[in-house]
Every structure is written in C-alpha cells, then in structure tokens.
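One-letter residues, chain by chain:
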Amino acid sequence: MIGEMRERATGDSGPPPHGGDSEPAGHDPLVAFVRAMPKVELHLHLEGTLEPELMFELARRNGVPLRFATVEEMRGAYDFSALGDFLRLYYEGAAVLQTERDFYDLSRAYLHRAYADGVRHAEVFFDPQTHTARGVAFRDVVSGIHRALVDAEAELGLTSRLIMCFLRDAGVESAAATLTEAMEYRDLLTGVGLDSTEVGYPPELFAGVFATARAAGLRAVAHAGEEGPPEYVRGALDALGAERIDHGVRSLEDPALVRRLVRGRVPLTVCPLSNVRLKVVPDMESHPLRMMLESGLVVTVNSDDPAYFGGYLSDNFRAVQRGLGLDRAQLLTLAANAVEAAFVDEGRRARLRADLDVYAETAPLGAAAPGGHGV
Ligand code: HPA
Ligand code: ZN
C-alpha cells in the first residue's frame, strides 16, 4: 500500500484520490500552469498529510483499531464545522503513528507527492506532543521525519526545513518541557511554531518558551488570526517575536495591523482550502486573499492539512485562482512571496527565485494563451 502511494505520488498527474478542486491537467491550461510552477510551501503539518490509505496501512501494521471500516467511510467523516471539529479527528488519526519508520513513511509520502505537485522547497511542521503524550519517543518522531527530509533532498533536490510546533491547549509547562527535550536535536530544527486550538490561548502565554527558543537560534512562527482575533496576531509579533504569521486572515479586521504587516513585510501563510473547510470563510469566492494581496500584504498560499482539506498546494492555488479570478501575475507574486519568506540562505533563495523567473518567462500560458484562458 505504501509502495502504491509512492507510485501515485510520483507518477500521477491526475487529481488526488479524495477529489479536491483539481482537474486532469490536459483539460485546463491553468491547472498545468499552476502545477508546473516551481513552488515553496511554508505551512504544512506533516500529520495533516496522513491520507486514509496510509492510515489504514499503519493501523494494520501497528495493531491500532480504527473507528472507520473503509477509506471511503473515513473520508466521509471529513466534514468540519470549525477548527475544533477537525482537530479531534486529526489527533485521533495521528494515533496510528508509532515507530520511527511510520514517521519516515508519512514524511516520504508527502515529500514525493509535493515534488510531483511542483514543490521545490517545503518548511514543514510537526507536533511532537501529540506523539510523546501517547508514549512515542521524541527521538523516533524527529529521526523518522529528518531521515525522509534528507532522502528527499538527495533523491529529488527538494529542500526543506523542519519547524516544531507547540500545542497551545497542552499548556505552557508542556511546551517548555518539549523545548527542553528538543534541544538534543537542535541541529535538526529550524524553528518553532504554535498551533492547535487558538481561541482562549493567546500568544502571550508562550512568551517565555519562545524567548528561550529564539535565544537558541531557532526562528519563530505562530498560528494567529485563523479563528482568533487580530490581537492574537499582534501578540504573536510582540510577545513571541514571530517572523511569519500562519493564517492571519483576521488581520484584515484591523487596518492599523494591516499597515504594520505591510510596512514590516511580515509574511502570512494563508491556507485557502483549509479556511473554507473549517468555515473560517463561507466559500472560496469570499476568501480575503485577493484583498490581502491588493493591500500589499506578503501573502503566500499553502495547504495546511491536505489529506483532510481536499487538496495539495496546486489545488489551493487553483482554488483561489478560480474563486477569486486571480491573474497570472498574481499567481506568480504569491509564489515569489513564499520564496522571499522562506527560512533559507541567500544562495538557495536566489536559486528558487531564478527558477521562478525563468518559469514566468517561458511558461506557455500567457495573455494570448489558446482557449481563452487569458491569465
Ligand atoms: N490550526 C491550528 N492547528 C492546526 C491546524 C490549523 O489550521 N492544522 C493542524 N493543526
Ligand atoms: Zn496550520
């Protein structure tokens, strides 16, 4: 089964099995344009890439019972009314991940799939507390993921960074203990983040933990302004020293905050399909991404938890293009913003930027594209 998934990840140019927003590339030049565009992904939870097929395989391998009899039944349950609804299923699903090999297989499946989807650099989150709370060794989690990241760079040239997220609702003491444990693996990590239930857990609670992490040279990001108010975005900047805001869509409610984000060129890692599926916005046509872009915000497009939200990175680009009528230049700006926002050295950034520039100059889809798709 895992072998089958890998084959599909690397060989298939058709839509994902869960039927996202995608179409066969041959029918729409925009689908092919977006998929072939060299892309950087900055907001991706590895646990959120656990497709039901792999979940069943790991459940069988580890003797873990599942509530669902079939893959179809499981996908049928992916109907969420809010973030909390999703998180319950997401943590339940993660229970099949038990060994170093499981984390390797999970990460490898995502990386190969992302590569086939045109991702050239990925900064990925993991939630160690989800696993250590179940008795899985921190070492097995980080080692399995790291091994897959190293292999993907060697085999595919897909570069990556690893960001460890603290679960807000697990509290400050658990976050501090997790950071202490992580220090043994400091060299494998690029940064720390903050995720899980947002409302009721303002960033200020974690100021001390983030200060310790930054003192150790780790970069800081935080989920804020997904379900929480604009004050949480300010808190992430001021109390945590966050260099990027994950989601941040509610920033638009506060014009002074928007001006600050624009002036400071603070990147926002927006996840359109996630926002629709978690009812952060009612539908793609009302998504604020276009307004954010036109306000001068450094907006990027990302897939968050693609196994649960109906699409990988190209599906997210395609969904906003279609829902908001973005043009070719706007799609390229979104991709360029992610290059600017990546935690890479200037050599790698220049290379990613050059690849995107070449693509912009040579990609077939333009104003005079056949078939009337003038983007
Ligand atoms: N928000 C908060 N926590 C999360 C998310 C998200 O979108 N995805 C996985 N953990
Ligand atoms: Zn997220």
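A. Looking closely at the overall build of the chain. Secondary structure assignment for the chain yields 18 helices and eight strands. The buried share of the chain, reckoned over its 375 residues, is 49%. Looking at the chain alone, contacts between residues at least 24 apart form 76% of all its contacts between residues at least 6 apart.

B. How the structure looks around the site of ligand 1. Close contacts around ligand 1 come from His45, Gly48, Leu83, Tyr90, Asp195, Ser196, His223, Glu226, Ser274, Asp304 and Asp305, and that covers them all. Considering only residue class, the shell around ligand 1 consists of two nonpolar, five polar and four charged.

C. Just the packing of helix α6 (residues 100-116) against helix α8 (residues 138-156), in detail. Taken N-terminus to C-terminus, the directions of α6 and α8 make an angle of 35°; their axes are 7 Å apart at the nearest point. Every pair of crossing elements has a handedness; the one defined by α6 and α8 is right-handed. Residues Glu100, Arg101, Asp102, Phe103, Tyr104, Ser107, Arg108, Leu111 and Tyr115 of α6 lie in contact with α8, whose contacting residues are Asp140, Val141, Ser143, Gly144, Ile145, Arg147, Ala148, Leu149, Asp151, Ala152 and Leu156. Its residues placed into classes, the contact of α6 with α8 shows 10 nonpolar, three polar and seven charged.

D. Highlighting the sheet that holds strand β5 (residues 219-224). With respect to topology, eight strands assemble into an open sheet ordered β1-β2-β3-β4-β5-β6-β7-β8, the strand pairing being parallel. Strands with a single pairing partner mark the edges of an open sheet, and in this sheet they are β1 (39-45) and β8 (298-301). Within this sheet the neighbouring strands show an average axis-to-axis angle of 25°, counted without direction. With four bridges connecting them, strand β7 (residues 267-270) and β8 associate as parallel partners. Each bridged residue has a counterpart across the sheet, and for Leu268 the counterpart in β8 is Val299. The sheet contacts of α8 involve β2 (119-126) and β3 (159-167), and relative to β3 the element is tilted by about 160°.

Cut-off values and rules
Per-chain numbering applies: the sequence of each chain, read as written, is numbered from 1 onward. Numbering of ligands from 1 and lettering of chains from A proceed in the order in which they are written. Where local features are concerned, this predicted model is filtered to residues with pLDDT of at least 70; where side-chain atom pairs are given and counted, the filter is 80 or more; whole-chain, interface and lining totals use all residues. Segments assigned H or I by DSSP are reported as helices when at least four residues long, segments assigned E as strands when at least two residues long, and all are numbered from the N terminus. Residues are called buried when their C-beta atom has 20 or more other C-beta atoms within 10 Å, exposed when it has 12 or fewer, and partly exposed otherwise; all C-beta atoms are positioned from the backbone. Residue pairs qualify as contacts under a 7 Å threshold applied to their C-beta atoms, which are placed from the backbone. By convention here, the C-beta atom is placed from the backbone, and a residue is near a molecule or strand when that atom is within 6 Å of it. Any residue that is not Ala, Val, Leu, Ile, Met, Phe, Trp, Tyr, Cys, Pro, Asp, Glu, Lys or Arg is counted as polar, Gly included; the first ten are nonpolar and the last four charged. Geometry is summarised by axes, namely lines fitted to C-alpha atoms with helices restricted to the contacting stretch, and by angles between N-to-C directions that run from 0 to 180 degrees. Left-handed is the label given to a crossing in which the near helix is rotated counterclockwise from the far helix by less than a right angle, and right-handed is the label when the rotation is clockwise. Two strands pair if DSSP finds at least two bridges between them.

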